[in-house]
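If you want the building blocks of each chain, they are given just below.
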Amino acid sequence: MSALPIHTGSRLFQVVADMQGGLPWGHVLDAGTGRGSMNWLLSLPTDSWTAITGAQSMAEQVRRELGERQRPQDRLVVGNWTDTQLLQGEQFDTVLADYLLGAMDGFAPYAQDQLFARLRPLTGQRLYIIGLEPYVPYSADEPAGALVVEIGRLRDACLLLAGERPYREYPMDWVLRHLRQAGFRCLDAQRFGIRYGERFIHGQLDMCTQRLRRLQDRNLALALSEHVETLRRRALALCQAEGGLRHGHDYVICAQAA
Ligand SMILES: C[S@@+](CC[C@H](N)C(=O)[O-])C[C@H]1O[C@@H](n2cnc3c(N)ncnc32)[C@H](O)[C@@H]1O
């Protein structure tokens, strides 16, 4: 899988917790699970959790993370939201879609517009969406932003050349519009500035290096590998000088089953 956005610690999950206020979490659906959201869910007083992933490899990672912490009422399921039978007839008090929308292109391309209608009958009370404002298609004026965009573009180019589908992020406005169309009432929506660190730089550029090993045209692979390392040096230098690369926004949306 491709470009996992960097969670700025547990800050965004804390925002979700603040939006939830005193409401009980009840039966929870993690509609796009991973180690981050699972670890957070495990810290909450839930009646049960059901975690969905489209990838067997992700399920294995989450299972390893879980260890002994899964209760009899909890489920980790590999499935695809395009499957109409998945969780059919079930309902959850709280649904979390943590960086799910942006990852959908790899699992259900061009079905992003149907995600919220798909989640609507499953949502008893609240749906929380954590997402990343698209940045790869936009140019940035600031040096830090320009580097983040350059990294994102190079990463997506390497993924495409290796035959994979990069993530496709959607803006908060798009999400709010589609939530309303799907019958949700939006209660809150907030954006948070991102400061990318060395983990992001190495993570994204290592992903490039791995994908370049698969290229048949070794001259192209070599030229791109050299470009990756030059970009890594430039990005690390600015990151150290400025204490991170500040660019773009994450968002958190709270919606109620209307
Ligand atoms: C970026 S990861 C989510 C990150 C995760 N919440 C975490 O904290 O690490 C996206 C997740 O959504 C899942 N996903 C994406 N599209 C899907 C689809 N159409 N059906 C089911 N799962 C999907 C992926 O398999 C993956 O588990």
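Residues numbered from 1 in each chain as written. Predicted model: local features only at pLDDT ≥ 70, side-chain atom pairs only at ≥ 80, totals over all residues.

Novice: Quick rundown of the site of the ligand? Include the residues and the values.
Specialist: For the ligand, the set of nearby residues contains 22 residues, the closest of which are G32, G34, G36, T53 and G54. For the shell around the ligand, the secondary structure elements donating two or more residues are α2 (35-42) and β2 (48-53). Ranked by the residues each element gives to the shell around the ligand, the list is headed by α2, at 3 residues. The class makeup of the residues in the shell around the ligand is 11 nonpolar, 9 polar and 2 charged. (Near = placed C-beta within 6 Å. Helix = DSSP H or I, 4+ residues; strand = E, 2+ residues; numbered from the N terminus. Nonpolar A, V, L, I, M, F, W, Y, C, P; charged D, E, K, R; others polar.)

Novice: Before we move on, can you summarise unusual backbone geometry with the specific residues and values?
Specialist: Positioned with a positive phi, L87 is a non-glycine residue whose angle comes to about 55 degrees. You can see L87 is positioned in the loop between β3 (75-78) and β4 (92-98). Here Y99, not a glycine, exhibits a phi torsion of approximately 55 degrees, which is positive. Along the chain, Y99 falls in the loop between β4 and α4 (115-119).

Novice: Residue-level account of the nonpolar core, with values.
Specialist: The biggest cluster of nonpolar side chains holds 45 residues, and the ones touching the most others in it are A31, V95, A97, L119, L127 and Y128. Among all residues touching Y128, those that are not within four sequence positions of it are V16, L96, V252 and C254. (Core = buried A, V, L, I, M, F, W, Y, C linked by C-beta atoms within 7 Å. Buried ≥ 20, exposed ≤ 12 C-beta atoms within 10 Å, placed from the backbone. Contact = placed C-beta atoms within 7 Å.)

Novice: Quick rundown of helix α5 (residues 143-161)? Include the residues and the values.
Specialist: Taking 1.5 Å per residue, 19 residues should reach 27 Å; α5 reaches 27 Å between its end C-alpha atoms and fits that length. Taken together, the buried positions of α5 are occupied by L147, V148, I151, G152, R155, D156, C158 and L159. Burial along α5 is one-sided: seen end-on, the buried residues are contained in an arc of 165 degrees. In this fold, the buried residues of α5 make contact with β6 (184-196), α7 (198-212), α8 (218-242) and β7 (245-257). Positive phi shows up at G163, right after α5, with a value of about 85 degrees. (Expected span 1.5 Å × (residues − 1). Arc of directions from axis to C-beta.)

Novice: Before we move on, can you summarise helix α1 (residues 11-20) with the specific residues and values?
Specialist: Along α1, the residues classified as buried are L12, F13 and V16. All buried residues of α1 project into a common sector of 105 degrees when viewed along the axis, lining one side. Facing away from the buried side of α1, by more than 90 degrees, are the exposed residues R11, Q14 and D18. Tucked inside the fold, the buried residues of α1 contact α2, β5 (123-132), β6 and β7. Positive backbone phi, approximately 60 degrees, marks G21, located one or two places after α1.

Novice: Explain the domain arrangement of the protein to me, using residue names and the numbers behind them.
Specialist: Here the domain parsing of the protein yields domain 1 (1-134 + 169-194 + 249-258) and domain 2 (135-166 + 198-242). Relative placement of domain 1 and domain 2: their C-alpha centres are 28 Å apart. Listed per partner, the contact involves 8 residues of domain 1 and 11 residues of domain 2. The residue makeup of the side of domain 1 that touches domain 2, split by class, is 4 nonpolar, 2 polar and 2 charged. (Domains from an automatic or database assignment.)

Novice: Any details on the packing of α5 against α7? Residues and values, ideally.
Specialist: Two measures define how a pair of helices packs: the angle their axes make with one another and the distance between the axes. Contact pair α5 / α7: the axes reach a minimum separation of 9 Å and the direction vectors enclose 25 degrees. Here α5 lies roughly parallel to α7, going by the angle between them. The interaxial crossing formed by α5 with α7 has left-handed handedness. Side by side, α5 and α7 meet where I151, L154, R155, C158, L159 and L161 of the first sit next to I201, Q204, L205, M207, C208, R211 and L212 of the second. Partitioning the contact of α5 with α7 into residue classes produces 10 nonpolar, 1 polar and 2 charged. (Axes fitted to C-alpha atoms, helices over the stretch in contact; angles between N-to-C directions. Parallel < 35°, antiparallel > 145°, perpendicular 65-115°, else oblique. Left-handed = near helix turned anticlockwise from the far one by under 90°.)

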